[in-house]
Amino acid sequence: MTTHSASFFHLPRPAARTVILSALVWTAISALGALQTYSDNLRTGVASRYPVLLATWFIEYAVPLMVLSAVLVTALGRWPVLVARPRSVVLLFIGLVLLFQPAQWLYIAWLRDYLDIASFGDVRRMLMKMLLVGWFTTTATFAAILAIHYWRQAKDRELAWQRAQNDMLNLRLQLEEQRMLALRAQLEPHFLFNALNAISALVRAGDKPVALAGIGRLSTLLRYALAASTDNTATLAAELQFVRDYLDLQRLRYGDRLRVAIEGAGDALLDEVDCPPLSLQPLVENALRHDIDCHDGPGDITLSFARDGDAMVVTVTNRVLAQASPNPGAGLGLANTRDRLQRITPGAALHAGVRGKRFVAELRLPLAKE
């Protein structure tokens, strides 16, 4: 029983602050009330001392209301259901009036020596003296504590909502990071596999000098790919140079059949436009796989760079031959590149499809705002 009572009055920090604030407010009200009484006594010629008046005001009015504040704060903190509905609030107020108000009257009557009752008339006179005491202060205290309780609940709900939003945002960021890592894990081994396949074809052909040159090209490509695995962005100029090195490696495999026209490569904006690393190579690889790998003749691939308003447009096109045999490649490049663009470069877009007799992959990258 003792443990329960001690825990009941063990206030959490917000409730303790409310009780302390209530004590300060009622102390200030007592000081003002005592000052008003002292001023009235001076005007009427009644002798009085301010410290005595202050003590009287504090003991008679402030102490009961401070106790009421502490009890209300503790009760509402433990049982919020007491004021969960308007009906509950009304019932709580009625119970407060029926219990606290008579107790306050008896307390004040005891302090003023009104309890010396000898007849029913003494009871009546005491009730008449006490009947108007405390109604306003009790109601005001109840309303103030109730308002603070509702405000604190609203604040707690807002903080909980903000924490939930932050947790959800952090979770989404973590999921996006994991998805990006998964995309890279798909793209980089895919690229490496195709590059090694080109080298192995040269080795099988028995051309040692060309194979060694291919290994050197592959080394250059792998250094860029390794750097790209730790960076989220690269310039379009760096991506173009990577594509040139990649085509040089593929040229060792395809020879004169590899024909790629590059247009607009001298545009100075290529050094200023950012994009995800390894964005262009999958587009060119896709063109090789669906053009030159599907027939015996030379390829016809175009890589162009052109400004269109506030975007740089990179276009990779290749022929679509009706008599070409289907390529068995799985083709992760375009899908992965589109996903990476959406997550790393806001405003970027990749569209691919057949236009007439050519397959067109169009990459739009936003220019930096001046």
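Keep in mind that what you see is a predicted model, and the values were worked out from it rather than measured. Numbering of residues starts from 1 in each chain and follows the order in which that chain's sequence is written. Predicted model: local features are reported for residues with pLDDT of at least 70 only, side-chain atom pairs are reported and counted for 80 or more only, and whole-chain, interface and lining totals are derived from all residues. Working from all heavy atoms in the structure, the side-chain values ignore hydrogens and water.

1. Here we look at the pattern of salt bridges
Move 1: Counted as salt bridges are all cases of a side-chain nitrogen of Lys or Arg within 4 Å of a carboxyl oxygen of Asp or Glu. The full count for this structure, using the stated rule, is 6 salt bridges.
Move 2: With its nearest N and O atoms 3.0 Å apart, the salt bridge here joins Asp248 to Arg251. Placement of both Asp248 and Arg251 in helix α8 (residues 236-254) is noted, with a separation of 3 residues, approximately one turn of the helix.
Move 3: On the basis of relative accessible area, Asp248 is assigned to the partly exposed category, the value being 24%. For the purposes of this entry, the term helix denotes a DSSP run of H or I that reaches at least four residues, the term strand denotes a run of E that reaches at least two, and both are numbered from the N terminus. Buried, partly exposed and exposed residues are distinguished by accessible area as a fraction of the type maximum, computed with a 1.4 Å probe on protein chains only: under 20%, between the cut-offs, and over 50%, respectively.

2. Here we look at the environment of Ala352
Move 1: By the element assignment, Ala352 lies in strand β6 (residues 349-355).
Move 2: When the C-alpha positions of Ala352 and Thr317 are compared, they lie 9.5 Å apart, and in sequence the two are 35 residues distant.
Move 3: Residues count as neighbours in contact if any of their non-hydrogen atoms are within 4.5 Å of one another. If we ignore the near neighbours within four places in the chain, the residues touching Ala352 are Leu334, Arg338, Phe359, Val360 and Ala361.

3. Re the packing of helix α3 (residues 50-78) against helix α4 (residues 86-111)
Move 1: Relative orientation of the contacting elements α3 and α4 amounts to 150°, with a least axis distance of 11 Å. Judged by the inter-axis angle, α3 sits roughly antiparallel to α4. Considering the relative orientation of α3 and α4, their crossing is right-handed. Judged by residue contacts, Ile59, Glu60, Tyr61, Val63, Pro64, Leu65, Leu68 and Leu76 of α3 engage Leu92, Leu96, Phe100, Gln104, Tyr107, Ile108 and Leu111 from α4. Each axis is a line fitted through C-alpha atoms, taken for helices only over the stretch in contact, and angles between the N-to-C directions span 0 to 180 degrees. By definition in this entry, angles of less than 35 degrees are roughly parallel, angles greater than 145 are roughly antiparallel, angles of 65 to 115 are roughly perpendicular, and the rest are oblique. Less than a right angle of anticlockwise turn of the near helix away from the far helix marks a crossing as left-handed, whereas a clockwise turn marks it as right-handed.

4. As for the pairing of strand β7 (residues 358-366)
Move 1: A pair of strands is considered paired only if DSSP assigns at least 2 bridges between the two. Two strands pair when backbone bridges link them, and strand β5 (residues 311-319) and β7 are joined in this way by 9 bridges, in the antiparallel orientation. By the bridge assignment for β7, Asn318 is matched with Phe359.
Move 2: Hairpin connection from β6 to β7: 2 residues lie between these consecutive antiparallel strands, with Gly356 at a positive phi of about 65°.

5. Section: the sheet that holds β7
Move 1: Taken in spatial order, the 5 strands make up an open sheet running β2-β4-β5-β7-β6, and their pairing is mixed. Sheet topology places β2 (260-263) and β6 at the edges, where each strand pairs with a single neighbour. Strand-to-strand twist of the sheet, defined as the mean angle between neighbouring strand axes without regard to direction, takes the value 15°.
Move 2: Taken strand by strand, α8 contacts β2, β4 (301-308), β5 and β7, and its axis lies near 175° from that of β4.
Move 3: Its contacts with the sheet place helix α9 (residues 281-290) against β4, β5, β6 and β7, and it is angled at close to 15° to β5.

6. Side note on the confidence of the model for the protein
Move 1: Chain-level pLDDT for the protein is 77 on average; 80% of the residues reach the 70-or-more range.
Move 2: For every residue, the pLDDT score states the predictor's confidence, bounded by 0 at the bottom and 100 at the top. For the stretch residues 1-9, pLDDT sits under 50, and the model shows 4 contacts to residues farther than four places along the chain or on other chains.

7. What about a nonpolar patch on the surface?
Move 1: To count toward a patch, a residue needs a relative accessible area over 30% and no salt bridge; like charges are then connected within 9 Å, while nonpolar side chains (Val, Leu, Ile, Met, Phe, Trp, Tyr) are connected within 5 Å. Using a 1.4 Å probe, the Shrake-Rupley method yields the accessible areas, and only the shown protein chains count as cover for residues. A surface patch of nonpolar side chains, about 530 Å² in accessible area, is lined by Val90, Leu91, Ile94, Leu98 and Leu99.
Move 2: The exposure class assigned to Ile94 is partly exposed, which follows from its relative accessible area of 41%.

8. A look at α8
Move 1: The first and last C-alpha atoms of α8 sit 26 Å apart over 19 residues, in line with the 27 Å expected at 1.5 Å per residue.
Move 2: Directly after α8, the chain includes Gly255, whose backbone phi takes a positive value near 65°. Helix span, as expected, comes to 1.5 Å for every residue beyond the first.

9. So, the nonpolar core
Move 1: Residue types Ala, Val, Leu, Ile, Met, Phe, Trp, Tyr and Cys, when buried and joined through side-chain atoms within 4.5 Å, form a set referred to as a nonpolar core. With 40 residues, the main nonpolar core has Leu236, Phe305, Met312, Leu363 and Leu365 as its most contacted residues.
Move 2: Elements with a contribution of two residues or more to this core: α7 (208-228), α8, α9, β4, β5, α10 (333-344) and β7.
Move 3: Per-element accounting of this core gives the leading share, 8 residues, to α8.
Move 4: Filtering out sequence-adjacent residues up to four positions away, Leu365 remains in contact with Leu236, Val273, Asp274, Cys275, Asp310, Ala311, Met312, Leu341 and Ala348.
Move 5: Within the second largest apolar cluster, 16 residues are counted, among which are Trp26, Leu65, Ala70 and Val83.

10. Thoughts on the environment of Thr220
Move 1: Among the structural elements, Thr220 can be located in helix α7.
Move 2: As a C-alpha pair, Thr220 and Asp245 span 25 residues in sequence and 7.6 Å in three-dimensional space.

11. Quick notes on the packing of α8 against α9
Move 1: Relative to each other, α8 and α9 sit at 30°, their axes nearing to 10 Å. Considering their axes alone, α8 and α9 lie roughly parallel with respect to each other. Handedness of the crossing formed by α8 with α9: right-handed. Note on element contacts: α9 touches α8 through Gln281, Val284, Glu285 and Leu288, opposite Phe242, Val243, Tyr246, Leu247 and Gln250.
Move 2: Amino acids are sorted into nonpolar (Ala, Val, Leu, Ile, Met, Phe, Trp, Tyr, Cys and Pro), charged (Asp, Glu, Lys and Arg) and polar (every other residue, Gly among them). Tallied by class, residues from the contact of α8 with α9 come to 6 nonpolar, 2 polar and 1 charged.

12. Comments concerning α9
Move 1: For α9, the buried fraction is high: 9 of the 10 residues fall into the buried class.
Move 2: The complete set of buried residues in α9 reads Gln281, Pro282, Leu283, Val284, Glu285, Asn286, Ala287, Leu288 and Arg289.

13. A word on the side chain of Asp245
Move 1: Following the sequence through the fold, Asp245 ends up in helix α8.
Move 2: Residue Asp245 is classed as buried on the basis of its relative accessible area, which comes to 12%.
Move 3: With near-sequence residues (within four places) excluded, Asp245 lies in contact with Arg217, Thr220 and Leu221.

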